[in-house]
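Report on the structure
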Amino acid sequence: MRRLKKFLRCSLGLVSPIPRVVQVEVTGRCNLSCRMCPRGVMGVPERDMEFEVFVEVFSKVPQAEEVILSGWGSPSYIPSSTRWWRT
Ligand code: SF4
C-alpha cells in the first residue's frame, strides 16, 4: 500500500521521483565536545569520507538542488576542505 501511494504521488507529480536534497556526512570528526552529543554513545568513527567516495556520491545525484554537508561531525574540520567544496 505504501509503495502504491508513493507511485501515485510520483505519477501525479506531487513528489519528485529523484532526490532534490542530499545530505552527506563527510566526516565523523569534530573539534567540539557538546554535552548533549551522542557521538560517543553511537560510536561514530573519527574519520573522513574519502574524496573519491564524495565525488561518486554526487555523480549519482547530479540533479540535486540542495546539498547538506552535515552529520555527526564538522565539515570544516577537513583540512583540505576547499577541494571538496569546489566539486
Ligand atoms: S558533532 Fe555536533 S553535537 Fe557533537 S560535539 Fe560536534 S558540534 Fe557538538
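Please refer to the structure higher up on the page.
On a predicted model such as this, the values are computed, not experimentally measured, just so you know. (Residues numbered from 1 in each chain as written. Predicted model: local features only at pLDDT ≥ 70, side-chain atom pairs only at ≥ 80, totals over all residues.)

Some thoughts on the overall build of the chain
Just so we agree on the cut-off: In this description a helix means any DSSP run of H or I spanning at least four residues, a strand means any run of E spanning at least two, and both kinds are numbered starting from the N terminus. Taken over C-alpha atoms, the radius of gyration is set against a globule rule of 2.2 Å times the number of residues to the power 0.38. Every C-beta atom is placed from the backbone, and the number of other C-beta atoms within 10 Å of a residue's own sets its class: buried at 20 or more, exposed at 12 or fewer, partly exposed in between. Residue pairs are scored as contacts if the distance between their C-beta atoms, which are placed from the backbone, is within 7 Å.
Secondary structure assignment for the chain yields four helices and two strands. In the chain, the succession of α and β elements from N to C terminus is α-β-α-α-β-α. Whereas a compact globule of 87 residues would reach a radius of gyration of roughly 12 Å, the chain reaches 17 Å, over 25% beyond that. With respect to the three principal axes, the spread of C-alpha positions in the chain is 45 × 30 × 15 Å. For the chain, with 87 residues in total, the buried portion stands at 8%. In the chain, 75% of the contacts between residues at least 6 apart in sequence involve partners at least 24 apart.

Examining the environment of tyrosine 77
In this fold, tyrosine 77 is placed in the loop between strand E2 (66-69) and helix H4 (81-86). Exposure remark for tyrosine 77: the 16 C-beta atoms within 10 Å place this residue in the partly exposed category. Among all residues touching tyrosine 77, those that are not within four sequence positions of it are Thr27, Arg29, Cys30 and Asn31.

Structural notes on the site of the ligand
Here is the rule: To decide nearness, the C-beta atom of each residue is placed from the backbone, and the residue is near a molecule or strand if that atom lies within 6 Å of it. Each residue is assigned to one class: nonpolar for Ala, Val, Leu, Ile, Met, Phe, Trp, Tyr, Cys and Pro, charged for Asp, Glu, Lys and Arg, and polar for all the others, Gly among them.
In the vicinity of the ligand, the contacting residues are Cys30, Leu32, Ser33, Cys34, Cys37, Arg39, Trp72, Gly73 and Ser74. A per-class count over the shell around the ligand returns five nonpolar, three polar and one charged.

With respect to helix H1 (residues 2-11)
Burial of H1 is sparse: only zero of the 10 residues sit out of reach of the surface. Looking at the residues trailing H1, positive phi occurs at glycine 13, about 75°.

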